[in-house]
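Take a look at the letters that make up each chain.
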Amino acid sequence: MSRCQRYDFRRIGNNVIADQVSNLLKVEGVEADEDAVRYVAKAADGSMRDALSLLEQCISFYYGQRLTYEKVLDVLGAVDTQVFSKLLRLIIRCDVPGMRAAGWMKSVHRRDLSQFVTDFIWYLRNLMLVQTADQSAQALEMTKENYEALREESKMVALSVLMRNIRICSELSNQLKICCLKNEYFIEMAIIKMMQPQMEDV
């Protein structure tokens, strides 16, 4: 060990990845919306290699077309954050009938359920950060408009509820990893569990 040099590698920030992706798209002559680029950067989770791999998938699937946010979501099997906003409001109201009748699950149909749960955890995590720290839109690596919407929603729910819901979603995420049959019912059961704290010890 005394003869070795040590290099500590850290995950790359979303802003840095987004800038590199934007530069690459300009060089390749591919048009893309800013929010599409930012989602690719977020989905890469700090890995430039993964960002380039995801970007290649999106470009290949929509070759010769402008890369939009909706197209990126479609290729990566993700859903728009507005779906999470609507879902959160249903959870806050403990509106089980509304949850089943709202049709939000149509947005999840034929999507990657594991990715959906991971993105919802990310959404709840951002709400928690807005509540507990003086975060800025730049610190959370999102647009100012999205940050303002997030800050308004963070006022609707208690921190303890957010932490509990994150825990339930984390347990669901682990369940989906080992389960052979992945369907929307697992998500529905977890959501009902979030709405009914009496179902378990907090």
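Each value, and the rule that gives it
Position labels on residues start from 1 in each chain and follow its written sequence. Where local features are concerned, this predicted model is filtered to residues with pLDDT of at least 70; where side-chain atom pairs are given and counted, the filter is 80 or more; whole-chain, interface and lining totals use all residues. Think of the side-chain values as coming from all heavy atoms in the structure, minus any hydrogens and water. Think of each axis as a best-fit line through the C-alpha atoms, taken over the contacting stretch in the case of a helix, with angles from 0 to 180 degrees between the N-to-C directions. Working definition: helices are DSSP H or I runs of at least four residues, strands are E runs of at least two. Numbering for both runs from the N terminus. Angles below 35 degrees are treated as roughly parallel, those above 145 as roughly antiparallel, those between 65 and 115 as roughly perpendicular, and all remaining angles as oblique. Rotating anticlockwise by less than a right angle from the far helix to the near helix defines a left-handed crossing, while the corresponding clockwise rotation defines a right-handed one. Residues are treated as being in contact if the distance between any of their heavy atoms lies within 4.5 Å. Note on residue classes: Ala, Val, Leu, Ile, Met, Phe, Trp, Tyr, Cys and Pro are nonpolar, Asp, Glu, Lys and Arg are charged, and everything else, Gly too, is polar. In the cavity and pocket records, a cavity denotes points on a 1 Å grid over the protein atoms alone where a 1.4 Å probe fits but cannot get out, a pocket denotes an open set with protein on both sides within 12 Å along at least 5 of 7 lines, and lining residues are residues with an atom within 4 Å of a point. Grid points are joined across faces, edges and corners, and a volume is the space filled by probe spheres set on the points. Confidence per residue, as judged by the predictor, is encoded in pLDDT with a range of 0 to 100. Residue exposure (1.4 Å probe, protein chains only): buried if accessible area is under 20% of the type maximum, exposed if over 50%, otherwise partly exposed.

Student: How should I be thinking about the packing of helix 7 (residues 113–132) against helix 9 (residues 159–178) in this particular structure?
Tutor: Two packed helices can be described by the angle between their axes and the distance between those axes. The N-to-C vectors of helix 7 and helix 9 enclose an angle of 160°; their axes lie 9 Å apart at closest approach. Taken together, the axes of helix 7 and helix 9 lie roughly antiparallel to each other. The chirality of how helix 7 crosses helix 9 is left-handed. On helix 9, the residues touching Leu113, Ser114, Val117, Thr118, Phe120, Ile121, Leu124, Arg125, Leu127, Met128, Gln131 and Thr132 of helix 7 are Leu159, Leu162, Met163, Asn165, Ile166, Cys169, Ser170, Leu172, Ser173 and Leu176. Among the residues forming the contact of helix 7 with helix 9, the class breakdown is 14 nonpolar, seven polar and one charged.

Student: Looking at this model, I keep getting lost on the layout of surface pockets. Mind explaining?
Tutor: One simple way to see leftover space: roll a probe sized like a water molecule over the atoms. In this structure, the second largest pocket spans a volume of roughly 150 Å³. Taken together, 13 residues make up the lining of the second largest pocket; nearest its centre are Val161, Arg164, Asn165, Met194 and Pro197. Elements with a minimum of two residues in the lining of the second largest pocket: helix 5 (81–92), helix 9 and helix 10 (184–195). At four residues, helix 9 tops the list of elements feeding residues into the lining of the second largest pocket.

Student: Honestly, the confidence of the model for the protein chain in this entry has me stumped. Any pointers?
Tutor: Interpretation of the predicted coordinates at a detailed level should be avoided for regions scoring low in pLDDT. When pLDDT is averaged across the protein chain, the result is 83; 84% of the residues are at 70 or more. Averaged over each element, pLDDT in the protein chain is lowest for helix 6 (residues 96–101) (74) and highest for helix 3 (residues 48–61) (93).

Student: Whenever I open this one, unusual backbone geometry confuses me. Can you help?
Tutor: A negative phi holds for most residues other than glycine; trans holds for most peptide bonds. Of note in the backbone geometry, Cys94 takes a positive phi value of approximately 55° without being a glycine. Positionally, Cys94 belongs in the loop between helix 5 and helix 6. Accessibility expressed as a relative area gives 39% for Cys94, which makes it partly exposed.

Student: For this particular structure, what's the right way to read the environment of Arg49?
Tutor: With respect to the element layout, Arg49 can be found in helix 3. Classification of Arg49 by relative accessible area gives exposed; the value is 67%. For Arg49 and Ile17, which are 32 residues apart along the polypeptide, the C-alpha to C-alpha distance reads 9.8 Å.

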